[in-house]
Amino acid sequence: MGRLRRLLHERLAERERAFRVDRYDAPARRFIVRADFWRTTDAASVRCVRVDESTDRSALGADGWMWSGRGVTARGAESQPLSVRLEVPAGVYAVDAAATPIPAPPWLFGFARWRRKAFLPDVPSEFPPLGTLDASRGELALELPAAVGRGHHVLALRLTPPGATPSVPGVDEGQRDRLKALGYVQ
């Protein structure tokens, strides 16, 4: 197997490098990279727990980093930062964690509802800043702080290149008229 790997590497390494360099244009607006596309150097320290309707309370209670199938979260005061690497177009980016908040779990009743609200949404509602990072070689490496992972289900990283304007979807006039007729806008 080692010989085959070496031969493939010799034959395809230059093509792969050229593909990675020319694959993306320089971004003009912010974008996200979902957690599915991250690589971590310390994968052994991340527990994998499939969070769905059958997930028990005890599965979510252990300390450390946890992969839920949609994102990561940290629990416990002793959690270390999570080393994350991802391929992005070369440049400098302001990086935010795209996350949903995780409130404290209920003591007695409502665990299923809490689990649904904490782990099943796919759309982030909070964006804690992680700083400005350089990805001049097409790879962004960062340490995701445990403080961000505690109390949040981190679904993605939002990257904003310098000079980019936030992309906010507008409302066209036809949609505005329909909303006005329903009484949602003035």
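We now turn to the structure provided with this report. Everything numeric in this text was worked out from a predicted model, so none of it was measured.

Some details on the environment of Asp36
Following the sequence through the fold, Asp36 ends up in the loop between strand 1 (31-34) and strand 2 (39-40). For the pair Asp36 and Gly71, spaced 35 residues apart in the sequence, the C-alpha separation amounts to 7.5 Å. Each residue touching Asp36, except ones within four places of it in the same chain, is listed here: Trp67 and Arg70.

Concerning the pairing of strand 10 (residues 152-160)
Burial analysis of strand 10 places 9 of its 9 residues in the buried class, which makes it a mostly covered element. Note: strand 1 against strand 10, 4 bridges, orientation antiparallel. Its bridge partner lying in strand 10, Val33 is registered against Leu157. Strand direction decides the pairing type here: strand 7 (residues 92-101) and strand 10, joined by 8 bridges, are antiparallel. Residue pairing in the sheet places Asp96 in a bridge with Arg158 of strand 10.

Digging into the nonpolar core
With 24 residues, the main nonpolar core has Trp38 and Leu144 as its most contacted residues. If you list the elements that add at least two residues to this core, you get strand 5 (72-75), strand 6 (82-87), strand 7, strand 9 (139-144), helix 3 (146-149) and strand 10. Among the elements that line this core, the one with the most residues is strand 7, at 4 residues. Filtering out sequence-adjacent residues up to four positions away, Leu144 remains in contact with Trp38, Trp65, Val72, Pro81, Leu82, Val84, Leu130 and Val154. Counting residues in hydrophobic clusters, the runner-up holds 9 residues, among them Met66, Phe111, Ala118 and Phe119.

Points about helix 4 (residues 173-182)
For helix 4, a buried count of 0 out of 10 residues is recorded, marking the element as mostly open to its surroundings. Two residues or fewer past helix 4, Gly183 is found with a positive phi of approximately 90°.

Remarks on the pattern of salt bridges
Enumeration over the complete set of coordinates arrives at 7 salt bridges. For the salt bridge of Arg70 with Asp122, the shortest nitrogen-to-oxygen distance reads 3.4 Å. Highlighted residues: Arg70 in the loop between strand 4 (64-67) and strand 5 and Asp122 in the loop between helix 2 (111-119) and strand 8 (129-134), separated in sequence by 52 residues. Here Glu139 ties to Arg85 by a salt bridge, and the two come within 3.1 Å at their closest N and O atoms. Of the two residues, Glu139 is situated in strand 9 and Arg85 in strand 6; the sequence distance between them amounts to 54 residues. Glu139 gets classed as partly exposed once you look at its relative accessible area, which sits at 30%. Given a relative accessible area of 32%, Arg85 falls into the partly exposed group. Look at the salt bridges and you will find they share partners, linking Arg39, Arg85, Glu87 and Glu139 into a network.

Cut-off values and rules
Residues numbered from 1 in each chain as written. Predicted model: local features only at pLDDT ≥ 70, side-chain atom pairs only at ≥ 80, totals over all residues. Heavy atoms only, no water. Helix = DSSP H or I, 4+ residues; strand = E, 2+ residues; numbered from the N terminus. Contact = heavy atoms within 4.5 Å. Buried < 20%, exposed > 50% of the residue type's maximum accessible area, 1.4 Å probe, protein only. Pairing = 2+ DSSP bridges. Core = buried A, V, L, I, M, F, W, Y, C linked by side-chain atoms within 4.5 Å. Salt bridge = Lys/Arg side-chain N within 4 Å of Asp/Glu carboxyl O.

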